[in-house]
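Chain and residue survey
Next come the chains, spelled out residue by residue.
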Amino acid sequence: MTKKLRFNSSTIHGGQEEEKGYGAVMPPIYQTSTYAQKSPGKHRGYEYGRTHNPTRSALERSISALENGKYGLAFASGLAAMDAIIKMFDPNDEIISVNDLYGGSFRLFTQIFKKYGIKIHFVNMQDSESVEALITKKTKLIWVETPTNPMMNVVDIKAISAIGNAHKIVVAVDNTFASPYLQQPLELGASIVMHSATKYLAGHSDTVLGLVAVNDAALFEKLAFIQNSSGAVPGPMDCFLTLRGIKTLHIRMQRHSENGSVIAKFLKDNSKIEKVYWPGFSDHPNHDIAKIQMKSFGGMISFVPKGGDKAEAFKIIENLKIFTLAESLGGVESLAGHPASMTHASIPKEIREKSGVVEGLIRLSVGIEDEQDLIEDLDQAINLI
Ligand code: P1T
């Protein structure tokens, strides 16, 4: 397909090629580890499954189309994608990262890469000047996550990318919470966009996978070298499932955002709820930038019940009937989680609480069920406290 497609067609056709064998409309699952060669080095573009796989190639083209990038790369998980990005750098290099981020990303920085001599500075990125103040000659990467997990802070990707580009520092954006439907970081000047495709992209809570898109050929070469050398690649079945999920990304995200908006407002108006974190509220500290940067505000919401301790939070999440108490997010079904003891347990309590991840905090991933059923479910559980 040569015509540049609009987003809602790109989810279905972006980067896809005609299947030459039998005209299969869906990309086949090439369940093979190796490929026949006529003579050593004489093959049809595929040699070995870690290096390339046609189902994976179809997915890699799809993410580059969705993010308006030139190149895509698939990894075995979101953290494997992040791991490959950080492996581009050397001991004594410095990274500036947003201070409120997924617990597993924090753990990868502090418990794996720190030990290899990479220095990480965590900073509140809502103020872009505080990022600039930390830049030294050794700074090689700025790591942005927006909206942040789970506090729903929004970072100005354009402002941070301008700072990074002025200093020739790579800016990578973890776009998991937004998905390319809500925002496209490469368009805003970032050098790398990364996803836990486990979430909205695959969308059905049945796959663990990571995706990356870039525009720069040299960056792509470096990442592809690490992808093949370190080998954290997804299998063809998971690539197929992610491709299938992506085909409905636009309609799912539209409904996630509609339901998210109704539920965020329901919680805000509820007298038993202390605080609701959702960037769609006009009094959210980053609402103005969210309005410019994002198409709508998504279906991720965090809140604290009045009283605000663990007992109230546990009572609510244990009594939900339609929301499932589980890790992860971005699937068609609604999930509820307790970040302090689940997704963010690997962050020390005093650091975690500074960014707002208190014992009373509940995180919702609002699914695409009927909004009234979701509201009634939350209402009955909240009324128990
Ligand atoms: O789980 P994995 O596919 O490796 O992705 C890691 C990851 C990276 N970035 C963000 C923003 C994430 O939210 C995640 C995974 N998060 C969860 C499992 C969770 O429940 O928050």
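Summary of the structure given here. In this text the structure is predicted, and so the values were computed from the model without any measurement.

With that out of the way, let us pick up the overall build of the chain. Across its full length, the chain carries 14 helices and 12 strands. Computed over C-alpha atoms, the radius of gyration of the chain comes to 21 Å, within 12% of the 21 Å expected from 2.2 N^0.38 for 385 residues, which places it in the range of a compact globule. Dimensions of the chain, computed from C-alpha atoms along their principal axes, come out at roughly 70 × 50 × 35 Å. Long-range pairs, those at least 24 residues apart, make up 73% of the contacts in the chain with a sequence separation of at least 6. With the model as given, the accessible surface of the chain reaches about 16,800 Å², and the carbon-plus-sulfur share is 52%. Seen as two clouds, the 41 positive and the 42 negative side-chain charges of the chain have centres 6 Å apart.

A few words now on helix α9 (residues 236-246). A large share of α9 lies buried, amounting to eight of its 11 residues. Listed as buried for α9 are Pro236, Cys239, Phe240, Leu241, Thr242, Leu243, Gly245 and Ile246. Buried residues along α9 sit against α1 (7-13), α2 (54-66), β7 (210-214) and α10 (249-268).

This brings us to the pattern of salt bridges. In total, this model carries 10 salt bridges according to the counting rule given. For Glu353, the salt bridge identified is with Lys349, shortest N-O distance 3.4 Å. One end of the pair is Glu353 and the other is Lys349, both in helix α13 (residues 349-354) and four residues apart, which spans about a single turn. Its salt-bridge partner being Lys349, residue Glu359 comes within 3.4 Å of it at the nearest N-O pair. Placement of Glu359 in the loop between α13 and β12 (362-365) and of Lys349 in helix α13 is noted, with a sequence separation of 10 residues between them. Here the salt bridges do not stand alone but share partners, grouping Lys310, Lys349, Arg352, Glu353 and Glu359 into one network.

Here we take up the site of the ligand. Among the 17 residues in the neighbourhood of the ligand, the closest are listed as Asp174, Ser196, Thr198, Ser328 and Arg363. Contacts to the ligand include Asn149, whose side-chain N or O atom sits 2.9 Å from an oxygen atom. For the ligand, a nitrogen atom lies 3.5 Å from a polar atom in the side chain of Lys199. Protein contact buries 93% of the 480 Å² of open area that the ligand shows by itself. Of the residues in the shell around the ligand, the class split is four nonpolar, eight polar and five charged. Structurally, the shell around the ligand is a two-domain feature, drawing no fewer than three residues from each of domain 1 (7-246) and domain 2 (249-382).

All right, on to unusual backbone geometry then. In this structure, the amide linkage connecting Thr146 to the following residue, Pro147, adopts the cis form with an omega of -10 degrees. Here Pro147 shows up in the loop between β4 (139-145) and α6 (157-166). In this chain, Asn149 is followed by Pro150 through a cis amide linkage whose omega measures 5 degrees. Residues other than glycine seldom take positive phi values, yet Lys168 does so here, at roughly 55 degrees. For Lys168, the location among the structural elements is in the loop between α6 and β5 (170-174).

We now examine the packing of helix α3 (residues 78-86) against helix α4 (residues 103-113). Packed helices, taken two at a time, are described by the angle their axes make and the gap between the axes. Closest axis-to-axis distance for the α3/α4 pair is 11 Å, and the angle between their directions is 40 degrees. Looking at the two axes, α3 sits oblique to α4. In the packing of α3 onto α4, the handedness of the crossing is right-handed. Only Gly104, Ser105, Arg107, Leu108, Phe109 and Phe113 of α4 make contact with α3, whose side of the interface consists of Leu79, Met82, Asp83 and Ile86. Taken together, the residues that form the contact of α3 with α4 break down as six nonpolar, two polar and two charged.

Along the chain, Thr176 falls in the loop between β5 and α7 (179-182). A distance of 2.9 Å separates a polar side-chain atom of Thr176 from the backbone nitrogen of Ser196. Beyond its immediate sequence surroundings of up to four residues, Thr176 is in contact with Met194, His195, Ser196, Lys199 and Tyr200.

Read from one edge of the open sheet, five strands run β8-β9-β12-β11-β10, paired in mixed fashion. Of all the strands in the sheet, just β8 (273-277) and β10 (324-325) have a single pairing partner and so form its edges. Here two bridges tie β10 to strand β11 (residues 335-337), and the two strands are oriented parallel to one another. Its bridge partner being in β11, Thr324 is matched across the sheet by Leu335. Sheet strands touched by α10: β8, β9 (300-305) and β12. Its angle to β9, the strand with the most contacts, is close to 10 degrees.

All right, on to the pairing of strand β6 (residues 192-196) then. In terms of residue burial, β6 counts as a mostly covered element, since five of its five residues are buried. Relative to β7, β6 runs antiparallel, the two being bridged by five bridges. Within β7, the position partnered with His195 by the bridge is Leu211.

Grouped together as the largest cluster of nonpolar side chains are 58 residues, with contacts concentrated most on Ile263, Leu267 and Leu364. Per element, the largest residue contribution to this core is six residues, and it comes from α10. When residues are assigned to domains, this core turns out to be shared by domain 1 (7-246) and domain 2 (249-382), each giving three or more. Look past the residues within four positions of Leu364 in its chain and what remains in contact with it is Ile263, Leu267, Gly299, Met300, Ile301, Phe303, Phe323, Leu335, Ala336 and Leu378. Core analysis: the next-biggest nonpolar cluster, separate from the first, contains 48 residues, Phe109, Phe113, Val123 and Val131 among them.

What counts and what doesn't
Residues numbered from 1 in each chain as written. Predicted model: local features only at pLDDT ≥ 70, side-chain atom pairs only at ≥ 80, totals over all residues. Heavy atoms only, no water. Helix = DSSP H or I, 4+ residues; strand = E, 2+ residues; numbered from the N terminus. Rg over C-alpha atoms; globule rule 2.2 N^0.38 Å. Contact = heavy atoms within 4.5 Å. Areas by Shrake-Rupley, 256 points an atom, 1.4 Å probe, with all protein chains shown as cover. Lys, Arg positive; Asp, Glu negative; His and termini not counted. Charge placed at Lys NZ, Arg CZ, Asp CG, Glu CD. Buried < 20%, exposed > 50% of the residue type's maximum accessible area, 1.4 Å probe, protein only. Salt bridge = Lys/Arg side-chain N within 4 Å of Asp/Glu carboxyl O. Near = heavy atom within 4 Å. Polar contact = N/O pair within 3.5 Å; in protein donor to acceptor, adjacent residues only side chain to side chain. Nonpolar A, V, L, I, M, F, W, Y, C, P; charged D, E, K, R; others polar. Domains from an automatic or database assignment. Axes fitted to C-alpha atoms, helices over the stretch in contact; angles between N-to-C directions. Parallel < 35°, antiparallel > 145°, perpendicular 65-115°, else oblique. Left-handed = near helix turned anticlockwise from the far one by under 90°. Pairing = 2+ DSSP bridges. Core = buried A, V, L, I, M, F, W, Y, C linked by side-chain atoms within 4.5 Å.

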